[in-house]
Amino acid sequence: MGTARTKGAVWAWLVVIGCIGFYSIPTGIIGNTSGIFVAPVMDQFGWTQTDTTMYRTIQPLVAAVCAPIAGKLMEKYNPRWILAAVSAAFGLTSWASAYATELWQWNLYGVVYGVTSAFYMYLAAPVLINAWFKKSAGLAITAATLSILAAVASPIGQELINQFGWQTARAALSIVTTVLLVVLTVAFVRKSPTVMGLLPFGAGEQDDAANQSAAPEPDEGATVAQAIKSPGLYLLILVACIFVMCAAFFQQIPAFAAHGALGASAGAMAVSIIMVGGVVFKLVLGALNDKIGVKYTGIIAASCGAIGILLAYIAGENVALFYAGMVVFGGGYAGLTVIAPMLARAA
């Protein structure tokens, strides 16, 4: 029992590293830096911002359609190899997009992006964390979904664009991403402690507490049929959609800055600020969730997103106010990967 508990605790945190591999690395290096490529692509091909970023609209729609299928496949088969395969597919198609010269090619990339992100972006990390952690799940999800890489990748990517052009910059970032995410996913992702004969992190402590209590614990969760009939499911979906829309706003920031008085460098720096602010706020939101509950924590996160957008809108040429808005907006961005999973867990 002691060995299973100790090894389970070690492997639980190794799985978190695996989640960083398939989630934080592609999201941070490719997904969250996509905004810095909008302006140069628009300028080269003469497309509108709407057309240039349409693939970002296609991506979540396709992901929503594919999510139920992804969930069934992840449950039936080994997520280690599924996530390695879809992550490699995402990395390679991101590399190919560096040489896309037609809108349909970018939109096709959005479809592939959506299919793959249904596995690695919205589903896998919360499922794996809930399987491996009986306590500190909020902290683990926060750690697994940190996007601090974008804070570094955004200014590096902008400098690569300035020096070598957007195509070389995008290809380089995609190659680095593909190698890192595949290696970490294969090395550290495991389906559950049960299949390894281990105990999840904190299971022993909960079992000890349970042995001292006469009251039996009620069954957790709901069946699919029960969930479909519950209004709470649809409210949860609505809340998740609101956070997705809020978080997606920052992808327009680099192009907004590049074509305005602030300049491309300010736009790239804004992405870094949002990412750093998001990291801090994820930790804050995780702590608040434990203290005041997910309801009020979610309200705080949503308010930060709205206030940040407002400050960016009224900033004009005021760089300091613009950056301040990006810091606050990081709270809304952090809610995307913290609030929805915690709401589902609390339900």
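What counts as what
- Residues numbered from 1 in each chain as written.
- Predicted model: local features only at pLDDT ≥ 70, side-chain atom pairs only at ≥ 80, totals over all residues.
- Heavy atoms only, no water.
- Helix = DSSP H or I, 4+ residues; strand = E, 2+ residues; numbered from the N terminus.
- Buried < 20%, exposed > 50% of the residue type's maximum accessible area, 1.4 Å probe, protein only.
- Contact = heavy atoms within 4.5 Å.
- Areas by Shrake-Rupley, 256 points an atom, 1.4 Å probe, with all protein chains shown as cover.
- Polar contact = N/O pair within 3.5 Å; in protein donor to acceptor, adjacent residues only side chain to side chain.
- Phe/Tyr/Trp six-rings, centres within 6.5 Å; stacked < 30°, edge-to-face > 60°.
- Lys NZ or Arg CZ within 6 Å of the ring centre and 35° of its normal.
- Core = buried A, V, L, I, M, F, W, Y, C linked by side-chain atoms within 4.5 Å.
- Patch = residues over 30% accessible without salt bridge, like charges linked within 9 Å, V, L, I, M, F, W, Y side chains within 5 Å.
- Salt bridge = Lys/Arg side-chain N within 4 Å of Asp/Glu carboxyl O.
- Expected span 1.5 Å × (residues − 1).

Moving on: the overall build of the chain. Looking only at helices and strands, the chain has 17 helices and 0 strands in total. Within the span of the chain, comprising 347 residues, buried residues form 46% of the whole. For the chain, long-range pairs separated by at least 24 residues make up 84% of all intrachain contacts whose partners lie at least 6 apart in sequence. When the accessible area of the chain is evaluated, it comes to approximately 16100 Å², of which 69% is carbon and sulfur surface.

Its place among the elements puts Ser97 in helix 5 (residues 79-97). At a separation of 2.6 Å, a polar atom in the side chain of Ser97 contacts the side chain of Arg170.

With respect to the helices and strands, Asn130 occurs in helix 7 (residues 124-132). Among the residues examined, Asn130 registers a relative accessible area of 33% and is labelled partly exposed.

Bringing the packing of aromatic side chains into the picture now. Taken as a whole and assessed by the stated rule, the structure comprises 14 aromatic pairs. Aromatic side chains Trp13 and Phe201 sit 5.6 Å apart centroid to centroid with 75° between the ring planes, which places their arrangement in the edge-to-face category. Here Trp13, found in helix 1 (residues 2-29), pairs with Phe201, found in the loop between helix 10 (166-188) and helix 11 (203-211); they are 188 residues apart in sequence, far enough to count as distant. Here Trp13 falls in the partly exposed class, since its relative accessible area comes to 29%. Following the ring pairs from residue to residue traces out a cluster consisting of Phe45, Trp47, Tyr55, Phe90, Trp106, Tyr109, Tyr113, Tyr120 and Trp166. Cation over ring: Arg170 sits above Phe37, and NZ or CZ is 5.2 Å from the ring centre.

Cys19, Phe22, Leu83, Trp106, Ile129 and Phe133 are the most contacted members of the largest nonpolar core, which has 60 residues in total. The dominant element in this core, judged by the number of residues it contributes, is helix 1, at 8 residues. If you look at the next biggest cluster of nonpolar residues, it comprises 18 residues, including Phe250, Ala270, Ile274 and Phe322.

Next up on the list: the environment of Gly165. Counting through the fold element by element, Gly165 comes out in the loop between helix 9 (148-164) and helix 10. Separated by 125 residues in the primary sequence, Gly165 and Pro40 have C-alpha atoms spaced 8.3 Å apart.

Moving on, we come to a nonpolar patch on the surface. On the surface, a nonpolar cluster with roughly 500 Å² of combined accessible area is contributed by Trp95, Tyr99, Ile175, Val179 and Val183. Of all the elements, helix 10 adds the most residues to the nonpolar patch, at 3 residues. With respect to the helices, strands and loops of the structure, Trp95 is situated in helix 5.

On to helix 10, then. Here helix 10 spans 33 Å end to end across 23 residues, near enough to the 33 Å set by a 1.5 Å rise per residue. Every buried residue of helix 10 is accounted for by Trp166, Ala169, Arg170, Ala171, Leu173, Ser174, Thr177, Thr178, Leu181 and Thr185.

Locating Leu180 in the fold gives a position in helix 10. By relative accessible area, which is 38% here, Leu180 ends up partly exposed. Sequence separation between Leu180 and Ala88 is 92 residues, and the spatial gap between their C-alpha atoms is 9.9 Å.

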